[in-house]
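A structural walkthrough
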Amino acid sequence: MFCQAFLFSKFKRLAEDLFLQLEEHVFMERVEEIVGVNNTHPSRIINFDQTSVLLQKTYGKTLSPIGVKQVHVIQPPGEKERFTVGLAVTGDGQKFPAAIVFKGGVKTGQLSANILGKLKIPDNVRVFSTRTAWWNSRIDHEWIKQSFEEDTQNTLYLIRDHFAAHLKFESRELLESRNVDQVFIPRGMTGTYQPLDVGINAPFKANLKRAYHEWRKERAELTGKGYLRKPSRQDFIDFVSQAWADVNPETIENAFVGAQILPEPTYMIANEQTSVENDEAPLEFSFSSIEENSGDEVAEDSSLEYSFSTDY
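For the structure given in this document, a descriptive report is provided here. (Residues numbered from 1 in each chain as written. Predicted model: local features only at pLDDT ≥ 70, side-chain atom pairs only at ≥ 80, totals over all residues. Heavy atoms only, no water.)

Contact geometry of helix α3 (residues 137-147) with helix α4 (residues 169-177) gives a least axis separation of 9 Å together with a crossing angle of 5°. What the angle tells us is that α3 and α4 run roughly parallel. Facing α3, whose interface residues are S137, D140, H141, I144 and K145, α4 presents E170, S171, L174 and L175. The class makeup of the residues in the contact of α3 with α4 is three nonpolar, three polar and three charged. (Axes fitted to C-alpha atoms, helices over the stretch in contact; angles between N-to-C directions. Helix = DSSP H or I, 4+ residues; strand = E, 2+ residues; numbered from the N terminus. Parallel < 35°, antiparallel > 145°, perpendicular 65-115°, else oblique. Contact = heavy atoms within 4.5 Å. Nonpolar A, V, L, I, M, F, W, Y, C, P; charged D, E, K, R; others polar.)

Put into structure tokens, the structure is as follows:
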């Protein structure tokens with residue numbers, strides 16, 4: 001019995017490995033068809049990903065005298081909160097507006113008209129809301145409607161992971177109606193083949209941290225209970241807007257090359273066509289790789305932890 005169970009487990013792992021290898025092979029063939037055979041312009045190749053930002057830091061340590069039987073830890077009021085940011089980029093370095101998903105009302109999942117009316121939303125940001133602040137199928141459907149026109153002539157290619165909302169029939173049907181072909185990255189390989197994970201999410205998150213720290217330096221006032229004042233939704237909208245604006249096109253193009261989607265960045269192609277060739281100059285690129293699991297919910301990013309105010 002033990003031998004049979006062992007053989008079955010080994011056979012199952014082998015079958016899973018073969019399936020993943022096949023999935024990777026099919027994906028790379030699809031990319032080769034899009035880029036090499038069809039000669040698709042990089043502006044029509046799009047990558048989308050979402051990441052979760054934790055809004056309230058839970059303290060893991062505190063100071064207390066040695067030997068006491070009870071230790072009291074003071075936490076900011078309220079439960080942990082988070083918001084989700086969805087980012088989309090094209091192979092030639094263009095950026096779609098960053099999509100922020102805040103936590104809405106318990107009953108409707110929506111932010112009230114009063115709150116929305118007070119928010120000043122920059123052109124490079126879109127604001128959505130759900131009950132949980134997670135990216136779900138409803139938000140995915142709405143994002144597609146806002147991002148792609150109905151009368152798109154040339155086929156667009158949207159590269160995404162196997163996140164649950166991306167697999168919904170409604171999203172697939174809407175994308176097809178707008179002439180957008182969805183191409184799925186092999187499971188567990190977003191750190192290799194997803195441009196946003198390879199070289200864009202990391203600098204964006206670094207920019208987001210810097211925006212928050214600069215804001216905090218100028219605001220040391222305390223609440224009536226002695227806590228530092230929390231950023232409002234408007235503040236976080238401004239953080240995301242600035243962080244996204246600071247990601248430059250060359251970074252995006254290099255990420256598509258690093259993820260093996262494009263053979264070279266478009267700015268290099270332009271240089272080859274307009275300048276004297278210099279074969280002796282070495283080409284050096286640097287990429288960071290972050291792989292995030294694709295599950296039913298966006299993985300928490302513990303490196304981005306802030307306190308959050310619901311003032312608006």
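After that view, the rundown keeps rolling.
On to the side chain of Q194, then. Tracing the chain through its elements places Q194 in the loop between α5 (190-193) and α6 (195-217). Of the residues examined, Q194 reaches a relative accessible area of 0% and is grouped as buried. (Buried < 20%, exposed > 50% of the residue type's maximum accessible area, 1.4 Å probe, protein only.)

We now examine the packing of aromatic side chains. For the coordinates displayed, the defined rule picks out 15 aromatic pairs. The lysine or arginine in question, K95, covers the ring of W244, its NZ or CZ lying 5.6 Å from the ring centre. (Phe/Tyr/Trp six-rings, centres within 6.5 Å; stacked < 30°, edge-to-face > 60°. Lys NZ or Arg CZ within 6 Å of the ring centre and 35° of its normal.)

All right, on to the nonpolar core then. By size, the foremost hydrophobic cluster in this structure holds 44 residues, and its most contacted members are F204, V240 and I261. Ranked by residues supplied to this core, first place goes to α6 with eight residues. Of all hydrophobic cores here, the second largest spans 19 residues; its members include A88, F96, W143 and A165. (Core = buried A, V, L, I, M, F, W, Y, C linked by side-chain atoms within 4.5 Å.)

So, about unusual backbone geometry. Located in the positive-phi region is N179, a residue other than glycine, with phi close to 60°. Summarising the element assignment, N179 is placed in the loop between α4 and β6 (180-184). You will see that Q260, though not glycine, has its phi angle at about 65°, which is positive. Counting through the fold element by element, Q260 comes out in the loop between α8 (249-258) and α9 (266-274).

The next thing to look at is the pairing of strand β4 (residues 125-130). Each regular strand carries side chains that alternate between the two faces of the sheet. In terms of burial, β4 is largely enclosed, as five of its six residues are buried. Taken together, the six bridges between strand β3 (residues 98-103) and β4 define a ladder with parallel strand orientation. What sits directly across from A98, in β4, is V125. Handedness of the crossover joining β3 and β4 through helix α2 (residues 113-118) is recorded here as right-handed. (Pairing = 2+ DSSP bridges. Right-handed = clockwise from strand over helix to strand, strands pointing away.)

Considering all chains together, one arrives at six salt bridges under this definition. Note that D140 and R160 form a salt bridge whose closest N and O atoms lie 2.7 Å from each other. Of this pair, D140 sits in helix α3 while R160 is found in strand β5 (residues 156-160), placing the two residues 20 residues apart along the sequence. Comparing D140 with R160, the two get one shared label, buried. Members of the salt-bridge network, linked through shared partners, are R30, E33 and D181. (Salt bridge = Lys/Arg side-chain N within 4 Å of Asp/Glu carboxyl O.)

A few words now on the environment of F256. Residue placement: F256 occurs in helix α8. Accessibility expressed as a relative area gives 0% for F256, which makes it buried. Separated by 165 residues in sequence, F256 and G91 have C-alpha atoms that sit 6.1 Å apart. For F256, the residues in contact, after removing those within four places along its chain, are I45, N47, V89, T90, G91, P195, I261 and L262.

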